[in-house]
Amino acid sequence: MKRSGKKAATDRSFVVALARGLDVLRAFQPNDGLLGNQEIAARTNLPKPTVSRLTYTLTKLGYLTPVPRFEKYQLAPSAMALGYAALANLGVRHLSEPFREEVMRATGGAVAVGGRDRHSMIYFGQSRNGLTLGVQLDVGSRIPIATTAMGRAYIWALPDDDRAALLRELREHYGSRWTKLRDGIERSGETVARHGFAISAGEWQNDVHAVGVALKLNDGTGPYAFNCGAPAFRFTEERLLSDIGPRLVAMVRNIEATLGGAMSQPAQQTTQSKKEQSKRVRSGGKVARMAEGIR
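Residues numbered from 1 in each chain as written. Predicted model: local features only at pLDDT ≥ 70, side-chain atom pairs only at ≥ 80, totals over all residues. Heavy atoms only, no water.

Novice: What am I meant to see in the pattern of salt bridges here?
Specialist: A side chain with one charge may pair with a side chain of the opposite charge, provided their charged atoms come close. All told, the structure shown has 12 salt bridges when counted by the stated rule. Linking K72 and E39 is a salt bridge whose minimum nitrogen-to-oxygen distance equals 3.4 Å. Here E39 lies in helix α3 (residues 37–44) and K72 lies in strand β2 (residues 72–75), a separation of 33 residues in the sequence. Overall, K72 belongs to the partly exposed group, its relative accessible area being 27%. A salt bridge links R116 to E169; its shortest N-O distance comes to 3.1 Å. (Salt bridge = Lys/Arg side-chain N within 4 Å of Asp/Glu carboxyl O. Helix = DSSP H or I, 4+ residues; strand = E, 2+ residues; numbered from the N terminus. Buried < 20%, exposed > 50% of the residue type's maximum accessible area, 1.4 Å probe, protein only.)

Novice: Any chance you could explain the packing of aromatic side chains here in plain terms?
Specialist: Here the distance between the centres and the angle between the planes together describe a pair of aromatic rings. Within this structure, the stated rule accounts for 1 aromatic pair. Ring geometry for F124 and Y224: centres 5.5 Å apart, planes at 80 degrees, overall edge-to-face. Separated by 100 residues along the polypeptide, F124 in strand β4 (residues 120–127) and Y224 in strand β8 (residues 224–231) bring together distant segments of the chain. An identical accessibility class is assigned to F124 and Y224; each is buried. (Phe/Tyr/Trp six-rings, centres within 6.5 Å; stacked < 30°, edge-to-face > 60°.)

Novice: What is the right way to look at the packing of helix α8 (residues 160–174) against helix α9 (residues 178–195) in this model?
Specialist: One way to put it is that α8 packs onto α9 with a least axis distance of 9 Å and a crossing angle of 145 degrees. Contacts between α8 and α9 involve L167, L170, R171 and Y174 from the first element and W178, L181 and I185 from the second. Grouping the constituent residues of the contact of α8 with α9 by class yields 6 nonpolar, no polar and 1 charged. (Axes fitted to C-alpha atoms, helices over the stretch in contact; angles between N-to-C directions. Contact = heavy atoms within 4.5 Å. Nonpolar A, V, L, I, M, F, W, Y, C, P; charged D, E, K, R; others polar.)

Novice: Is there a simple way to think about the side chain of T191 in this case?
Specialist: Its location among the elements puts T191 in helix α9. Accessibility expressed as a relative area gives 15% for T191, which makes it buried. Setting aside residues up to four positions removed in sequence, T191 forms contacts with G196, F197 and I199.

Novice: What is the right way to read a nonpolar patch on the surface from this model?
Specialist: There is a patch of nonpolar side chains on the surface, built from V15, L18 and L22 and spanning about 270 Å² of accessible area. One can find L18 in helix α2 (residues 16–26). (Patch = residues over 30% accessible without salt bridge, like charges linked within 9 Å, V, L, I, M, F, W, Y side chains within 5 Å. Areas by Shrake-Rupley, 256 points an atom, 1.4 Å probe, with all protein chains shown as cover.)

Novice: Just checking my understanding: could you explain the packing of α3 against helix α4 (residues 48–60) for this structure?
Specialist: Relative placement of two packed helices is described by the angle separating their axes and the distance separating the axes. Orientation of α3 relative to α4, taken along the N-to-C sense of each, is 115 degrees, at an axis distance of 9 Å. By the angle between their axes, α3 is roughly perpendicular relative to α4. Along this stretch, α3 crosses α4, giving a crossing that reads as right-handed. Of the residues in α4, those in contact with N37, Q38, I40, A41 and T44 of α3 are K48, V51, S52 and T55. (Parallel < 35°, antiparallel > 145°, perpendicular 65-115°, else oblique. Left-handed = near helix turned anticlockwise from the far one by under 90°.)

Novice: How should the sheet that holds strand β7 (residues 208–215) be read in this particular structure?
Specialist: Each strand in a sheet pairs with another by means of backbone hydrogen bonds, the pair being arranged parallel or else antiparallel. Here we have 6 strands laid out as an open sheet, ordered β5-β4-β3-β8-β7-β6, and antiparallel in their pairing. Both edges of this open sheet fall to β5 (142–144) and β6 (198–201), since each of them pairs with a single strand only. Between one strand axis and the next, the sheet turns by 30 degrees as a mean value, whatever way the strands run. Relative to β8, β7 runs antiparallel, the two sharing 8 bridges. Pairing of V211 across the sheet is with C228, part of β8. (Pairing = 2+ DSSP bridges.)

Now the structure itself:
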């Protein structure tokens, strides 16, 4: 888990101690159970003495519960209450549930909605059944932005400046792996421009294929993104293009309409915008490289 060192060094309003405390809480992942100071230090890249002071403070504040027998900690109800409060305020999670269930039943795939969490997307809504055994994710699960259909759909829904900033972050995060990942992001941009959805066929997990579609709202929140995935033998690349992708696009557009989401535009203007976006994305690798500030 990388910390925002540059931001802390240059932003005088940035409270480093608070950021570090939140990093400790973020170190706990679904199904983790107990974590000790050494494990937390490894996940946060914080010195162990700093972690010891932070876990002590968070325990006193009621956000961590110590388990002395194992010299470890677990999240306390106060910390979990923050997550539940956030979920309760995400109207898109509740409203999208019947739409997700319908697509799940029609396709046999798992359908989820998520938002950005640094270099990942985090699930806050999930619909699945016994047919999607290869996709064992649930609310709170994190998946990488760079290699997943949900993450790539999110990337291409961002305003240009925000997308450029995220691409620079991802380039720094992945280092030598970035060139290959960037190529996949560029290809997904072309797919989004042409079809309205992104594809990840074995690029995150070899045996999982998925499509992703972004949700844009006009209330200043988001964007969010949905995906529909299944084991590769169920969702072939041909089916992703001809069936699953169009279904997910239709679902998300219906959710946007229900939420009063995407700003309506005159047909001529919308067509023109799509043409401009398609032209911009089809410039290939140049798009992502220019966004990163690379010539």
